[in-house]
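Listed below are the residues making up each chain.
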Amino acid sequence: MAKSITQEFVKGLWDEIPPFRLVLGLCPVLAVTKSVENGLGMGVAVVFVLVCSNILVSLLRNIIPSKVRIACFIVIIATFVIVVELLMQAYTYPLFLKLGIFIPLIVVNCVLLGRAEAFAYKNGVIASIADGLGIGIGFTISLTALGALREVFGSGTFFGISVFGPSFQPFTFMVEAPGAFVCLGLMLCMMNLAGNK
Amino acid sequence: MGDYALLAISCILVNNILLAQYLGCCPFMGTSKKMETAIGMGMAVIFVLVMAGSITWLIDAYVLKPFGLEYLRTIAFILVIASLVQFVEMFLRKSIPGLYKGLGIFLPLITTNCAVMGVCLININEEYTFIQSLVTSFSYAAGFGLALVLFAGVRERILLARVPKPLEDTAIGLVTAGMLALAFFAFKGMA
């Protein structure tokens, strides 16, 4: 491995930032980004699961036979998802209610399985932690940015605080399903422009 | 009977799994570039979702609930879905090779399709009866297929159009999906 730990970490923030560069894990991105708070909460949950599952997968990478690796990854990820689910139910109940079925659905988020398969299964623990943190934080940034955009325009608030004052007519399109798709598409377009691909 | 028809229509159109509930977007973007693959994926999802919906309902009602193991639901469901997909794949390869060839590569992909897991969880959360779960599973899957086929049709046309460079591929796909979602949004008025 020629790449340093920092490089593994930084690549998740721009070069391979999900869901823009790696078009994976779109469902939670679209569904929970109605507000900044939801986006951030979801992001943090994903970071936790991703880092823990990366650690465990990379620790066990010499023990897991390659034929049943996908099943093993899924069980490992599902375990940590249950941990997050119970923690959120206990400490952040309102957020838990808002995110609803999307917390258990972290299990089938392709980002997690993708990282376990593409990175943690082939690399050491430290590098895997860096990779998990990088990709996870990248994912959180994307979710928060999209959440901010949709909340500011869709309901005229930011973290629940009014931005434009009472005369603002909310742009409801943004918080509904169609707005989610269009917003994400336009953000992807911006990313492509900035990366001048 | 009327209730079930109403439930089915609301699942297919009003609460379309893809365009209103945002589930199953990854295969939606991935397999919609060609009409054939879209139809294959739609069929595979209908097939697996009906089976997964009924089996997870039974497991939840007769195994998890009586023993107070609801917190294991996530892990139990994903294992059931993964092994079901594997089993269906083996079964089809042996006994219905024609269908296996048609669905082929899409079957393994379904394991990580959040629509399948999502519908199973919705069925439990809404406390549907067994028959209702069957109806919702089938109609959600049919709605998924419908949206996928419609979208593939649009996307095939976009391939011929000149799209600005930064908007190419996924970006224009998402914007198009947004327009399609807007069309489906109109059904909300029916509910």
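The rules behind each value
- Residues numbered from 1 in each chain as written.
- Chains lettered and ligands numbered in written order.
- Predicted model: local features only at pLDDT ≥ 70, side-chain atom pairs only at ≥ 80, totals over all residues.
- Helix = DSSP H or I, 4+ residues; strand = E, 2+ residues; numbered from the N terminus.
- Rg over C-alpha atoms; globule rule 2.2 N^0.38 Å.
- Buried ≥ 20, exposed ≤ 12 C-beta atoms within 10 Å, placed from the backbone.
- Contact = placed C-beta atoms within 7 Å.
- Nonpolar A, V, L, I, M, F, W, Y, C, P; charged D, E, K, R; others polar.
- Core = buried A, V, L, I, M, F, W, Y, C linked by C-beta atoms within 7 Å.

*Asks:* How would you summarise the overall build of chain A if you had to cite specific residues and measurements?
*Replies:* What chain A contains, in helices and strands, is 8 helices and 2 strands. Helices and strands in chain A line up, N terminus first, as α-α-α-α-α-α-α-β-β-α. In terms of C-alpha radius of gyration, chain A reaches 18 Å, essentially the compact-globule figure of 16 Å for 197 residues. If you line up chain A on its principal axes, its C-alpha atoms span 60 × 45 × 25 Å. Residues classed as buried in chain A amount to 47% of the 197 residues present. Partitioning the contacts of chain A with sequence separation of at least 6, the portion at a separation of at least 24 is 75%.

*Asks:* An account of the interface of chain B and chain A is requested, with residue identities and associated values reported.
*Replies:* How big an interface is tends to be stated in terms of the accessible area lost upon association of its parts. Residue-level contacts link 32 residues of chain B with 35 residues of chain A. When contributions to the side of chain B that touches chain A are tallied by element, the ones reaching two or more residues are helix 2 (25-30), helix 4 (73-95), helix 7 (114-125) and helix 9 (170-185) of chain B. Considering every element that reaches the side of chain B that touches chain A, the biggest residue donor is helix 9 of chain B, with 10 residues. Of the residues contributing to the side of chain B that touches chain A, the split by class is 25 nonpolar, 7 polar and no charged.

*Asks:* Hey, could you go over the environment of A:Y91 for me, with residue numbers and the actual values?
*Replies:* Residue and element names in this part refer to chain A. Its location among the elements puts Y91 in helix 4 (residues 69-91). The exposed category is assigned to Y91, around which 9 C-beta atoms lie within 10 Å. For the pair Y91 and E117, spaced 26 residues apart in the sequence, the C-alpha separation amounts to 32 Å.

*Asks:* A description of unusual backbone geometry should follow, citing residues and the corresponding values.
*Replies:* Residue and element names in this part refer to chain B. A positive phi angle, close to 55 degrees, is found at Y22, a residue other than glycine. In this structure, Y22 sits in the loop between helix 1 (2-14) and helix 2. On the neighbour-count criterion, Y22 (26 C-beta atoms within 10 Å) is buried. Unusually for a residue other than glycine, E127 sits at a positive phi of about 55 degrees.

*Asks:* Can you explain the nonpolar core? Please cite residues and give values.
*Replies:* Core analysis: the biggest nonpolar cluster contains 101 residues, and A:C27, A:L30, A:V49, A:I77, B:V116 and B:M117 have the highest contact counts within it. No other element matches helix 7 of chain B, which puts 9 residues into this core. Beyond its immediate stretch of four places on either side in the chain, A:I77 contacts A:V49, A:S53, A:V107, A:L112 and A:L113.

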